[in-house]
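Chain residues, written in single-letter form:
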Amino acid sequence: MLKPRDAIQALEEYHPPLGGREGLRLDFNENTVGASPRVLRRLQQLTLEDLARYPEREPVEALVAAFLGLETEAVLLTNGVDEAIHLLCETYLESGHEAVIVVPTFAMYEISAAATGARVVRIPAREDFSFPLEAVRAAITPQTRLIAIANPNNPTGTLVAAEGLLQIVNAAPQAAVLLDEAYYEFCGQTLLPSIRHHANVFVARTFSKAYGMAGLRAGVLAGPPAQMRMVRRVASPYNVNIAALIALPEALQDNEYVCQYVGQVQRGRSLLEEEFQSRGMAYCPSQANFVLAQIGSAHAAFVAAMKQRGILVRDRSSDPGCDGWVRITLGSERHTETLLTALRQVLAELRINPEVVA
Ligand SMILES: Cc1ncc(COP(=O)(O)O)c(C=O)c1O
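Every chain is numbered on its own, with residues counted from 1 as its sequence reads. Thresholds applied to this predicted model are a pLDDT of at least 70 for local features of residues and 80 or more for the giving and counting of side-chain atom pairs; totals over whole chains, interfaces and linings are not thresholded and use all residues. Remark: hydrogens and water are excluded; side-chain values derive from all non-hydrogen atoms of the structure.

In this structure, the largest pocket encloses a volume near 1,200 Å³. What counts as a helix is a DSSP run of H or I of at least four residues, what counts as a strand is a run of E of at least two, and both are numbered from the N terminus. Mapped by element, the contributors of at least two residues to the lining of the largest pocket are helix 5 (80-92), strand 3 (98-103), helix 6 (107-115) and strand 12 (314-315). At 6 residues, the largest contribution of residues to the lining of the largest pocket is made by helix 6. Polar here means any residue other than Ala, Val, Leu, Ile, Met, Phe, Trp, Tyr, Cys and Pro, which are nonpolar, and Asp, Glu, Lys and Arg, which are charged; Gly is therefore polar. Looking at the lining of the largest pocket residue by residue, the classes come out as 22 nonpolar, 8 polar and 15 charged. The definitions used throughout rest on a 1 Å grid laid over the protein atoms alone, on which a cavity is an enclosed set of points accommodating a 1.4 Å probe that cannot get out and a pocket is an open set flanked by protein within 12 Å on both sides along at least five of seven lines; lining residues are those having an atom within 4 Å of a point. Grid points are joined across faces, edges and corners, and a volume is the space filled by probe spheres set on the points. The computed volume of the second largest pocket comes to approximately 260 Å³. Around the second largest pocket, the lining comprises 16 residues; the ones closest to its centre are Phe-67, Tyr-184, Glu-185, Arg-205 and Tyr-211. Contributing elements (two or more residues each) for the lining of the second largest pocket: helix 4 (58-68), strand 7 (201-206) and helix 11 (255-279). No other element matches the 4 residues that helix 11 contributes to the lining of the second largest pocket. Residues of the lining of the second largest pocket, tallied by class, amount to 12 nonpolar, 2 polar and 2 charged.

This paragraph deals with the state of the cysteines. Here, a disulfide means two cysteine sulfur atoms that sit within 2.5 Å of each other. With the rule as written, the count across this model stands at 0 disulfides. Cys-259 takes part in no disulfide bond, and the closest cysteine sulfur, belonging to Cys-187, lies 14 Å away. Judged by its relative accessible area of 47%, Cys-259 falls in the partly exposed class. Summary of cysteine pairing: Cys-322 is not part of a disulfide, and the nearest cysteine sulfur, belonging to Cys-284, is at 8.9 Å. Think of it in three bands: with a 1.4 Å probe and only protein chains considered, a residue is buried below 20% of the maximum accessible area for its type, exposed above 50%, and partly exposed in between.

In this section: the pairing of strand 5 (residues 144-150). Each regular strand shows side chains that alternate between the opposite faces of the sheet. In terms of burial, strand 5 is largely enclosed, as 6 of its 7 residues are buried. When DSSP finds two or more bridges between a pair of strands, those strands are recorded as paired. Judged from the 5 bridges that link them, strand 5 and strand 6 (residues 176-180) form a sheet pairing that is parallel. Its bridge partner lying in strand 6, Ala-148 is registered against Leu-178.

A few words on the sheet that holds strand 7. Reading across the sheet, the 7 strands line up as 2-8-7-6-5-3-4 and stay open at both edges, with mixed pairing between neighbours. Each of the sheet's edge strands pairs with one partner strand only, and the pair in question is strand 2 (75-78) and strand 4 (119-124). For this sheet, the mean inter-axis angle between neighbouring strands, taken without regard to orientation, is 20 degrees. For this analysis, residues touch if any pair of their heavy atoms sits within 4.5 Å. To define axes, lines are fitted to C-alpha atoms, for helices over the stretch in contact only, and angles between the resulting N-to-C directions are given on a 0 to 180 degree scale. Along the sheet, helix 4 makes contact with strand 2, strand 7 and strand 8 (219-222), crossing strand 2 at roughly 120 degrees. Against the sheet, helix 8 (residues 162-171) engages strand 5, strand 6 and strand 7, with an angle of about 170 degrees to strand 5.

With that settled, the discussion passes to empty space enclosed by the protein. In this structure the tally under the stated criterion is 1 cavity of 30 Å³ or more. Of the volumes computed, that of the largest cavity is approximately 120 Å³. Val-102, Phe-131, Ala-150, Asn-153 and Thr-158 are, among the 16 residues lining the largest cavity, the residues nearest its centre. Within the residue set of the lining of the largest cavity, elements represented by two or more residues are strand 3 and strand 5. Here the residues of the lining of the largest cavity are counted per class, giving 11 nonpolar, 5 polar and no charged.

From the geometry alone we can't say anything about function, so treat these as descriptive.
Written as structure tokens, this is what we have:
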């Protein structure tokens, strides 16, 4: 009988709640208004011939590398950061190895790492969701071959300072350290330059968040050229589709569009945090395009009531250490107004206040 590998049989199915997402989607950290209009105009010019040909990734890769201030050999375009994670796991992990992650965090690290047969070592974040630097350092062993850190982290929005990250990088030269900067544009801190000075650092970026192109699936993996040559061996030459490749140069050129969108998100983030602050409700101060807030035992009713008002938010209660916490994505200024109006109504209707939450 055909039998999948043991590591695959042991995996749990992962089904993000993608179905029936009608309304204002503040549940997946997407851009709420979409990509630059220039991207759409370019996509509308796609021809049948474009569709018939296998996509050529390298010229666009060179453009993206130049945009990031890196040499082309240091950069691989991927089918979203999801694929970058998968490729790193395939390149560096096998049975007997360990992958270190800090939970709660982005689900794909654990899935891709466990699928290789490696053991996933889950270090809990501190109670306030800050990064447990000492515990991570203590978890590093000679078998540690991957350490994946989302910075800022999803679902908490917390950011680890560069110094702490570099301590980990130096403490584990035998491990690929992935610094996943999917939310970089909303915080501005990057360790991209460190790939020049450290042989085991990889940085990932995405076009799914600030750039509003999650549907096109385009991500970037940057790392030391010698290691990237190995990662490229695993990647399909056609991993990034023609629509994404055609869209990327336009997206990069319309920097103004991204900057103004990021500005709206950052202002919305302050307003939402002030709202929770003024009510005495706990939230996790965020450097990303979302805020994780403690709603308490009414979390499911809260998510349902928001949905009734046409707003989707994400219950993170089943994440480690997140019982009662809900993640809310910020979008355009107009969408933040809509969000705040509904939020106030729902909190009043369900009588959610700090005493109830505590
Ligand atoms: C930390 C983090 N990394 C990666 C991703 C996925 O990015 P992409 O759409 O490029 O695969 C997400 C999406 O939510 C994320 O939160």
